[in-house]
Amino acid sequence: MKPVRVALLGCGVVGTEIVRLLHEQSDDLAARVGAPVELAGIAVRRPDRVRSGVPRELLTTDAMGLATRADVDLVVEVIGGIEPARSLILGALKTGKSVVSANKALLAEDGETLFAAAREFGADLYYEASVAGAIPLLRPLRESLVGDRIHRVLGIVNGTTNYILDQMDTHGAGFAEALEEAQELGYAEADPTADVEAFDAAAKAAILARLAFHTPVTAADVYREGITEVTAQDVAGAKAVDCVVKLLAICERSEDRGVSVRVYPAMIPRSHPLGSVHGAFNAVFVEAESAGSLMFYGAGAGGAPTASAVLGDIVAVSRNLVSGASGPAETSYAALPVLPMGETVTRYHVQLDVADQAGVLAQVAEEFAKNDVSIQAVRQQGHGDDAQLVIVTHRAFDRALAATVESLRSHPSVREVASVMRVEGDL
């Protein structure tokens, strides 16, 4: 059987693992695909760099030449970033070559262009590794659940931030201390901005929302808050109500208004399965009309886990090539409006340092009532200078909750708004 010839664009941590797996599992892959899978070439920027187990004779600096070469059937892109990855993928698709990519940033920014090119030129575009590493998540959304109506996707999709918040919760570490430890262990980059400011998670949320709701969603549509402002007091406040703080990606469908896509730190009950996700692991809940609640859990990053997801896509696309078939095309037929954050329904946990005097609770409650925000629960604690009110709201428009918190900051009976945290799940 004629082999499937693969061009690999990029050979860093993930690319090196892909090369290793293609070599070590060559016999098994051939049996699974129905034809040998061979590396035709590897595009790199620095061919003189030592790469263990990577054949030097396959290295080239001409990435576009490799991606469009006549003897290449399948292009695997693990360069990352927007350019030159976008031009290389489009070049490959326009010559009828199928593409496997792990590029979450590009797919979240300009996925529609890539999907349109794949449809126009009859090629596959697979990207399982772009979200949640080794966890099989995108294919179930695209194929297994395609006959169902998905209402909500909720999850932890960034291992770095989950490790940091887990350390703050379980060991009492401060943010800076936990970040430094994450960097020492290799969970965080030297420049952790993409992770701690939630750019990484927002890109993944955009991809998940697009698949779940058949609606064009880009990273720019995603409301984003990072974890740099999460304090020890926030973590302690969560503990007091048996909750834990997690950076959550939330994609929700409102039947009459559109979809909401957001990423922010939020309190979630420890009894919720996401509350027990520790370390650098990822977990995603999918809530569908007929299937009910499904949870996907596992290693969300790293060379080997990501390479595993890439290899799964290579096998799927190679099978299509051998059989003369193609995978399911991406759809965005629903074209639902993406709601701004102010129009999204949320809940808050608000901790206030207040004056220890009669009538304070009524005055504070009045501020919530002015903005039509109802209160679910109130806890008073401490006396004198330590007097506090802890308030949990019912679900309301985020703009109304935000306006309430802002008015409390200047209220004469409120010394300080000590902690403000969104809430997911029932407390």
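Structure: see above.
Since this is a predicted model, take the numbers as computed values, not measurements.

If you tally the helices and strands in the protein, you get 14 helices and 18 strands. Taking 22 Å as the expected radius of gyration for a compact globule of 427 residues, we find that the protein reaches 24 Å, a close match to that expectation. Taken across its 427 residues, the protein has 53% of its residues classed as buried. For the protein, the exposed area adds up to about 17800 Å²; of that, 50% sits on carbon and sulfur atoms. Side-chain charges of the protein comprise 37 positive and 56 negative groups, with the mean position of each set lying 5 Å from the other.

With that out of the way, let us pick up the sheet that holds strand β3 (residues 59-60). Pairing in this open sheet of 6 strands is parallel, and the strands run β3-β2-β1-β4-β5-β6 from one edge to the other. On the outer flanks of this sheet lie β3 and β6 (125-126), each paired with one strand and no other. Of the strand pairs in this sheet, strand β1 (residues 4-9) and strand β2 (residues 37-43) are connected by 6 bridges, and their pairing is parallel. Note that in β2 the partner of leucine 9 across the bridge is alanine 43. Those strands touched by helix α1 (residues 13-24) are β1, β2 and β4 (74-77), and its axis lies near 155° from that of β2.

The next subject is the packing of aromatic side chains. By the definition in use, this model includes 3 aromatic pairs. For the ring pair phenylalanine 115 and tyrosine 127, a centre distance of 5.6 Å and an interplane angle of 45° mean the geometry is tilted. On the criterion of sequence distance, the pair formed by phenylalanine 115 in helix α5 (residues 104-120) and tyrosine 127 in the loop between β6 and α6 (138-144) is long-range, its members being 12 residues apart. One exposure class covers both phenylalanine 115 and tyrosine 127, and it is buried. With a centroid separation of 4.9 Å and 55° between ring planes, the pair formed by tyrosine 163 and tyrosine 187 is classed as tilted. Here tyrosine 163, found in helix α7 (residues 159-170), pairs with tyrosine 187, found in the loop between α8 (175-184) and α9 (193-196); they are 24 residues apart in sequence, far enough to count as distant. The exposure class assigned to tyrosine 187 is partly exposed, which follows from its relative accessible area of 38%. The ring of tyrosine 127 is capped by arginine 142, whose NZ or CZ atom sits 5.7 Å from the centre of that ring. Of note, arginine 224 hangs over the ring of phenylalanine 199, and the distance from its end group to the ring centre comes to 3.8 Å.

This brings us to the environment of arginine 51. Counting through the fold element by element, arginine 51 comes out in the loop between β2 and β3. A C-alpha to C-alpha distance of 45 Å links arginine 51 and aspartate 234, two positions 183 residues apart in sequence. Those residues within four positions of arginine 51 in sequence are excluded, and the remaining contacts are Cys11, Val44, Arg46 and Leu59. Within the local environment of arginine 51, its side chain forms a polar contact with the backbone oxygen of arginine 46, the two atoms lying 2.9 Å apart.

Mapped onto the elements of the fold, lysine 97 is located in the loop between α4 (85-94) and β5 (98-101). We note that lysine 97 is buried and unpaired, the nearest opposite charge coming from aspartate 73 at a distance of 6.6 Å. Of the polar contacts made by the side chain of lysine 97, one reaches the backbone oxygen of arginine 69; its length is 2.7 Å. One polar contact links the side chain of lysine 97 to the main-chain carbonyl oxygen of valine 72, over a distance of 3.0 Å. Lysine 97 has contacts with Ala67, Thr68, Arg69, Ala70, Val72, Asp73, Val75, Ala92 and Ala123, leaving out every residue within four places of it along the chain.

What follows concerns the pattern of salt bridges. As enumerated under the stated definition, the model contains 31 salt bridges in all. As a salt-bridge pair, aspartate 169 and arginine 270 come within 2.6 Å of each other at their nearest N and O atoms. In this pair, aspartate 169 is assigned in helix α7 and arginine 270 in the loop between β10 (258-269) and β11 (281-288), connecting sequence segments 101 residues apart. The buried category is assigned to aspartate 169, whose relative accessible area is 5%.

About the criteria used
- Chains are numbered independently. Their residues run from 1 in the order of the written sequence.
- Per-residue local features are limited, in this predicted model, to residues with pLDDT of at least 70; the limit for side-chain atom pairs, both in listing and counting, is 80 or more; totals at the level of whole chains, interfaces and linings are taken over all residues.
- Each side-chain value is worked out from all heavy atoms of the structure, with water and hydrogens disregarded.
- In DSSP terms, a helix is any run of H or I states spanning at least four residues, a strand is any run of E spanning at least two, and both are numbered starting from the N terminus.
- The globule rule used here is 2.2 Å times the number of residues to the 0.38 power, and the radius of gyration it is set against is calculated over C-alpha atoms.
- Relative accessibility decides the category of a residue: with a 1.4 Å probe and only protein chains considered, values under 20% of the type maximum give buried, values over 50% give exposed, and everything between is partly exposed.
- Here the open area of atoms and residues is found with the Shrake-Rupley method and a 1.4 Å probe, where only the protein chains shown may cover a residue.
- As used throughout, the charge tally considers Lys and Arg to be positive and Asp and Glu to be negative, leaving His and the chain termini uncounted.
- By convention, charge coordinates are those of NZ in Lys, CZ in Arg, CG in Asp, or CD in Glu.
- Two strands qualify as a pair provided DSSP detects at least 2 bridges between them.
- The contact criterion used throughout is that any non-hydrogen atoms of two residues lie within 4.5 Å.
- Angles run from 0 to 180 degrees between N-to-C directions of axes, and those axes are lines fitted to C-alpha atoms, restricted for helices to the stretch in contact.
- Whether two aromatic rings pair depends on their centres lying within 6.5 Å, for rings of Phe, Tyr and Trp, where Trp uses its six-membered ring; planes under 30 degrees apart make the pair stacked, over 60 edge-to-face, and the rest tilted.
- Think of it as a cone above the ring: NZ of Lys or CZ of Arg counts as a charge over the ring if it is within 6 Å of the ring centre and within 35 degrees of the ring normal.
- Under the rule applied, a polar contact is a pair of N or O atoms within 3.5 Å (in protein, one hydrogen donor and one hydrogen acceptor; residues adjacent in sequence only if both atoms are side-chain atoms).
- The salt bridge criterion pairs a side-chain nitrogen of Lys or Arg with a carboxyl oxygen of Asp or Glu, the two atoms within 4 Å.

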